[in-house]
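Structural characterization, general
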Amino acid sequence: MITLTRLEILRVLRNRRYLVFTIVMPVGLYLLMVSAYSGVDTLGGVSVKAYFMVTMATLGTVSASMNTNATRIALERKSGWARQLRLTALPGYGYVVAKIAATAASTLPAIVITFAVGYSEGVRLAAGNWLLLGLVLWVGGFVFAALGVALGYSAGPDSLQPIVMIVYMALLMLGGTYFQFTGSMANFAKWTPLALYNQLGRVAQAGGSMSGGELTAILAYAAAFAALASFLYRRDRREA
Amino acid sequence: MSTSVEQVTGEARRGRGSGEVAAFRGVSKHFGTVRAVNDISLTLHPGETVAFLGPNGAGKSTSIDMLLGLREPTSGSVTLFGGSPRQAILDGRVGVMLQSGGLMPDVKVRELIKFASDIHPRGYDVDDVLKTAGITELADRMVDKLSGGQEQRVRFALATAGDSDLIVLDEPTTGMDVSARHAFWAVMRAQADAGRTVLFATHYLEEADSIADRVLVVHKGRLIADGTAAEIKARAGLRKISFDLRPEDGADLSLLNAVPGVNSLDVSGHTVRINSSDADAAVAAIYRAGFYPRGLEVTGVGLEQAFITITGEQDAADRNTADRNTADLTEENAR
């Protein structure tokens, strides 16, 4: 399984799609957003530069899970590679574990690079907060990795494209990646998975605390996505 | 069917194996109302090289899926090395080459084969695997940049990356040209000579004829023949008769219809070709009718013709009506 994970990481790093969606796009958007919001001081209780540093790091994480991993799983199910793997001594869950591990490993550079760009733009945190923020973003990324696996098993590669696109855009729009909603929409949007993830990042960044409800919601999303992934994965194996 | 010699070789190999590689016991698989596999029972013994034949949709793929534990039978049981197929696979006792097994993209051939030998409980050295499969020169190529025939060889290398006891190949030579096919079977023979049991599905009947020491024929979900290629050909009992008739010999072609045991009759120009289930009687009748056949040849049919005949017999039996032409001919003979 370690060999497979190593191979999966190698593949991700060789993949141009990964570079574009996970590294280039978040960094590019970060610079864009910071200049677009140049007249605004704070957003969501933190400086604009710090705000977007978090949302762009989470954007990279979510992209790696959704665009790269979900699509790959769907493609490899169709091509028969997933089936071929089931005829090796690899344990049945090995494929999914390796995929998630590779996603997790490949989101680390995305987080680090976004931090570096944020720092160069003048974001300053205590050393402990950098570490905490990095850790929170990285661990939180597993929630979306599970969602990516679930999506990958939900449909074939062709019908998956629009599904991924819709889920991805909805997550980003409601999650406050580009802007924050106000009014009644904000009350709804703040309970969406990516919004909670971003909120978690801001708390790690600037201190403060999350309500018990918000923490529960994060854990509930994690459990729900993992259960969905596990259900769809088993359904796929039954169908062979 | 005696395989005692191979059994000794197979068991001596590593001292494991119960004399039974795989067993189907009354296995059926239904998809809704379709009976894809209907009550198949068979046993594979160590060291056998077995060809699995059948037209498309005969139940070959479903049977192989059940053999490998990818599908559960509706009824009956499938065992591999006395246990569940899944366990045998986890133990690395089975190497599999699927017909359309996709390969992992974005990696080099060597990386992929290294992975296969790493996860095998008794994996071989990568260089040896590459060499055996004849793909040493492809080692640094990206997997997604290979031709169809090269991909097949990489799949073969995946199936043989470790010390397995059974090798299952589904249509292994699809997409290979003639020389690649020959090279492939030479490598495959070496696997069989090492005492491994080899099961391959194919629609190239000459491959089954020249390589397998046992041939299984499935048709409409049933196992309708199980024996050596020679036995199956003999069972079909067909021979081909061909000769020329010259107009000056005064031949009345309509008399040919009275020749007994004729399955098919084809006259083109002066050349007559007959497929006969009783060639001896047919030839005698041809002379008795006053024909003077020139260049008379009586030859056995290949496995392909035998295959068509026995699957055809099965179809006829299924329709529960005797083949009309044969019946008419027999009637005419009786008069």
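The name given to chain B in an unreviewed UniProt entry is ABC transporter ATP-binding protein, and the organism recorded there is Streptacidiphilus cavernicola. Recorded in UniProt under Subcellular location (unreviewed entry), the annotation for chain B is "Cell membrane".

If you check an unreviewed UniProt entry, chain A appears there as ABC transporter permease from Streptacidiphilus cavernicola. Of chain A, the UniProt comment under Subcellular location (unreviewed entry) reads exactly: "Membrane".

**A word on the UniProt feature "domain: ABC transporter" (unreviewed entry) in chain B**
Mapped onto this numbering, the UniProt entry gives "domain: ABC transporter" (unreviewed entry) at residues 22-245 of chain B. What you have in residues 22-245 of chain B is 33% helix and 29% strand, and the ends, taken at the C-alpha atoms, are 54 Å apart.

**Side note on the sheet that holds strand 4 (residues 75-80) of chain B**
Residue and element names in this part refer to chain B. Sheet architecture is open: three strands sit in the order 2-1-4, paired in antiparallel fashion. Here the strands that pair on one side only, and so sit at the sheet edges, are strand 2 (34-44) and strand 4. Sheet twist, expressed as the average angle between the axes of neighbouring strands with direction ignored, equals 20°. Pairing geometry for strand 1 (residues 22-31) and strand 4, over five bridges, is antiparallel. Each residue of the ladder has a partner; that of A22, found in strand 4, is L80.

**Considering the nonpolar core**
Ranked by size, the top nonpolar core spans 136 residues in total, and within it M53(A), L112(B), I113(B), A157(B), V168(B), V215(B) and V217(B) carry the most contacts. Of the residues forming this core, the biggest block, 15 residues, is contributed by helix 3 (residues 48-79) of chain A. When residues are assigned to domains, this core turns out to be shared by domain 1 (4-233) and domain 2 (234-334) of chain B, each giving three or more. Setting aside residues no more than four positions away along its own chain, V217(B) makes contact with L53(B), G54(B), I224(B), A225(B), I232(B), F307(B) and I310(B). With 11 residues, the next largest nonpolar core counts L245(B), I274(B), A279(B) and I286(B) among its residues.

**Structural notes on the sheet that holds strand 8 (residues 214-219) of chain B**
Residues and elements named next belong to chain B. Strand order in the open sheet made by the six strands is 5-6-7-3-8-9, with mixed pairing throughout. Strand pairing shows two members of the sheet lacking a second neighbour, strand 5 (94-97) and strand 9 (222-227), which therefore form its edges. Put simply, the sheet's adjacent strands are angled 15° from each other on average, direction ignored. With four bridges connecting them, strand 3 (residues 49-53) and strand 7 (residues 197-201) associate as parallel partners. Its bridge partner being in strand 7, V50 is matched across the sheet by L199. Against the sheet, helix 9 (residues 229-236) makes contact with strand 8 and strand 9, and its axis sits at roughly 115° relative to strand 9, the strand it touches most.

**Side note on unusual backbone geometry**
Residue and element names in this part refer to chain B. Of note in the backbone geometry, F81 takes a positive phi value of approximately 50° without being a glycine. Within the element layout of this structure, F81 appears in the loop between strand 4 and helix 3 (85-90). With a phi angle near 50°, K220 is a residue other than glycine that sits in the positive phi range. Inspection of the secondary structure assignment puts K220 in the loop between strand 8 and strand 9. Classification of K220 by C-beta neighbours within 10 Å gives partly exposed; the count is 18.

**Some details on the pairing of strand 12 (residues 271-276) of chain B**
All names here are of chain B. Where strand 10 (residues 239-244) meets strand 12, six bridges bridge the pair, whose relative direction is antiparallel. Each residue of the ladder has a partner; that of K240, found in strand 12, is N275. Summarising the sheet, strand 11 (residues 262-268) and strand 12 pair through six bridges and their orientation is antiparallel. Bridge pairing in strand 12 places L265 opposite I274. Hairpin connection from strand 11 to strand 12: two residues lie between these consecutive antiparallel strands, with G269 at a positive phi of about 65°.

**Some words on the UniProt feature "domain: ABC-2 type transporter transmembrane" (unreviewed entry) in chain A**
The residues that UniProt annotates with the feature "domain: ABC-2 type transporter transmembrane" (unreviewed entry) are residues 3-192 of chain A. For residues 3-192 of chain A, helix accounts for 78% and strand for 2%, while the C-alpha atoms at its two ends are 36 Å apart.

**Some thoughts on the interface of chain B and chain A**
At the junction of the two partners, chain B supplies 23 residues and chain A supplies 19 residues. Mapped by element, the contributors of at least two residues to the side of chain B that touches chain A are helix 3 and helix 4 (109-119) of chain B. Per-element tally for the side of chain B that touches chain A: the top contributor is helix 4 of chain B, with five residues. Class assignment of the residues belonging to the side of chain B that touches chain A gives a composition of 13 nonpolar, five polar and five charged.

**Digging into the pairing of strand 1 of chain B**
Residue and element names in this part refer to chain B. Note that strand 1 and strand 2 share seven bridges and pair antiparallel. By the bridge assignment for strand 2, K29 is matched with V37. Between strand 1 and the antiparallel strand that follows it, strand 2, lie two residues; G32 among them carries a positive phi value of about 65°.

**A few points about the domain arrangement of chain B**
All names here are of chain B. Entries for chain B in the domain assignment read domain 1 (4-233) and domain 2 (234-334). Taking the mean C-alpha position of each, domain 1 and domain 2 sit 39 Å from one another. With 15 residues of domain 1 at the contact, the number on the domain 2 side is 13 residues. Those elements that provide at least two residues to the side of domain 1 that touches domain 2 are helix 8 (205-211), strand 8, strand 9 and helix 9. If you tally residues by element for the side of domain 1 that touches domain 2, the top one is helix 9, at five residues. Among the residues forming the side of domain 1 that touches domain 2, the class breakdown is 10 nonpolar, one polar and four charged.

Here is what the cut-offs are and how they apply
Every chain begins its residue count from 1, and numbering advances along the sequence as written. Chains carry letters from A onward and ligands carry numbers from 1 onward, assigned in written order. Per-residue local features are limited, in this predicted model, to residues with pLDDT of at least 70; the limit for side-chain atom pairs, both in listing and counting, is 80 or more; totals at the level of whole chains, interfaces and linings are taken over all residues. UniProt positions are given in the numbering used here, feature names are shortened, and annotations may be inferred rather than shown by experiment. Only DSSP runs of H or I reaching four residues or more are called helices, and only runs of E reaching two or more are called strands; each is numbered from the N terminus. For two strands to count as paired, DSSP must find a minimum of two bridges between them. Only the stretch in contact is used when a helix axis is fitted, and all axes are lines through C-alpha atoms; the angle between N-to-C directions ranges over 0 to 180 degrees. For this entry, the nonpolar core is defined as buried Ala, Val, Leu, Ile, Met, Phe, Trp, Tyr and Cys residues connected by C-beta atoms within 7 Å. Every C-beta atom is placed from the backbone, and the number of other C-beta atoms within 10 Å of a residue's own sets its class: buried at 20 or more, exposed at 12 or fewer, partly exposed in between. Residue ranges assigned to the domains are those given by an automatic or database domain assignment. By the convention adopted here, residues are in contact when the distance between their C-beta atoms, placed from the backbone, does not exceed 7 Å. Amino acid classes used here: Ala, Val, Leu, Ile, Met, Phe, Trp, Tyr, Cys and Pro are nonpolar; Asp, Glu, Lys and Arg are charged; the rest, including Gly, are polar.

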